Structures are given as C-alpha cells and as structure tokens.
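What follows is each chain in one-letter form.
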Amino acid sequence: MSKVREAMVPEPRTLDVSAPAVEAGQLLARPEVRAIFVTDDGRLTGVITRKTLVREVVAEGLDPKTTPVGEIAEEPRYTIDSEMDLEEAFHFLEERDAERVPVVEDGRLVGVLSRELLQRRLAEDEPPDETQQQV
C-alpha cells in the first residue's frame, strides 16, 4: 500500500522560530500562500496564517520587525506521519475536514499533504471499472 511520503508535497514554506513576523507577512501577502510552518532546527513548532498575524501582532500592537514568529506561531491542529497509509490519511483528513496537514518524521517537518492532491492520487491508484471497459 502507498504511504503519505509518496503523495506529499516536499519542502513546504518554512521560517525559523527566530525570523521576524514581517517575513511571515511578506510570504503570506502572496495569494497562493495560506500558511507558513515555523521550525526550530527542522522540527515543526507551529503555524502562522494571516489570521495569526492580525490577532497576535497587529491587534496586540507589536512590532512585526522585532517579534519572532516562534513567539506567535500556533500549534498545528494535526500532523500526519510520513509512513501512514494513503487510505488512512484520506480518512483522517475527511473526518477532520482538513484541507492541508503537515507531514512529520520524528517531529521533523518533511512535507505537506493536501486533501485535493491525495484524492487525485487515490483515484489514479484505483483499477479501472470493468463494466466501463466492456463497451
């Protein structure tokens, strides 16, 4: 059976815990970026979103140039191990209504699993319907 490692997107956008919040803001200004993963020597420590920046920096009146992302990052709701079976990962995402989940190995961030990409991957792995072929 296929594993998450084979379907994940490797090397997600990350910032070190000591990076200033302004760097997260610059990355999140891009429409395709919805979240930044915060790491400490490769270990996943948190997630930053636009909402996080507004709530934790802007609303609190903090200086984004001097506030480290490690101080404002939220713990990820969920993570998935890279060795989890794809079917199990799909059910995990469906049950939690999660679109994207960080993939870890021993706490180290190794990728991101997207529900949309996972659905496509699982569809590719399914054998063709026998009744459709006999036309």
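Definitions and limits used
- Residues numbered from 1 in each chain as written.
- Predicted model: local features only at pLDDT ≥ 70, side-chain atom pairs only at ≥ 80, totals over all residues.
- Heavy atoms only, no water.
- Helix = DSSP H or I, 4+ residues; strand = E, 2+ residues; numbered from the N terminus.
- Buried < 20%, exposed > 50% of the residue type's maximum accessible area, 1.4 Å probe, protein only.
- Contact = heavy atoms within 4.5 Å.
- Phe/Tyr/Trp six-rings, centres within 6.5 Å; stacked < 30°, edge-to-face > 60°.
- Lys NZ or Arg CZ within 6 Å of the ring centre and 35° of its normal.
- Core = buried A, V, L, I, M, F, W, Y, C linked by side-chain atoms within 4.5 Å.
- Arc of directions from axis to C-beta.

A. Local environment of the environment of Arg13. Mapped onto the fold, Arg13 is located in the loop between strand E1 (9-10) and strand E2 (14-16). Since its relative accessible area comes to 36%, Arg13 is described here as partly exposed. Along the primary structure Arg13 and Val47 are separated by 34 residues, whereas in three dimensions their C-alpha atoms are 10 Å apart. Dropping the residues within four chain positions of it, Arg13 is found in contact with Arg30, Glu32, Val33, Ile36 and Phe37.

B. Region of interest: the packing of aromatic side chains. Per the stated rule, a full pass over the model turns up one aromatic pair. When the ring centre of Phe92 is taken as origin, the NZ or CZ atom of Arg96, which lies over that ring, is 3.8 Å away.

C. Region of interest: the nonpolar core. Counting residues in each nonpolar core, the largest one holds 17 residues, and the members touching the most others are Val4, Ile80, Ala89, Leu93, Leu113 and Leu118. Here Ile80 is in contact with Val4, Ala89, Phe92, Leu93, Val101, Pro102, Val103, Val104 and Leu113, once residues within four sequence places are set aside. With 14 residues, the next largest nonpolar core counts Leu15, Leu28, Val33 and Ile36 among its residues.

D. Molecular detail of unusual backbone geometry. Residue Asp97 is not a glycine yet carries a positive backbone phi of 50°. Mapped onto the elements, Asp97 comes out in the loop between helix H4 (86-96) and strand E6 (100-105). When its relative accessible area of 57% is taken as the criterion, Asp97 is described as exposed. Phi is positive for Asp106, which is not a glycine, with a value near 50°. Take Asp106: it is sitting in the loop between E6 and strand E7 (108-114).

E. Representation of helix H2 (residues 50-58) within the structure. Looking at H2, one finds that the buried residues are Thr52, Leu53 and Val57. The arc enclosing the buried residues of H2, seen along the axis, measures out at 95°, which places them on a common side. For H2, the exposed residues lying more than 90 degrees away from the buried face are Lys51 and Val58.

F. Structural detail: helix H1 (residues 21-28). Regarding H1, the residues found buried are Ala21, Ala24, Leu27 and Leu28. Buried residues in H1, looked at end-on, bunch into an arc of 115°, giving them a common side. Summarising the contacts, the buried residues of H1 are in contact with E2, strand E3 (36-40), strand E4 (43-48), H2 and helix H3 (69-72).

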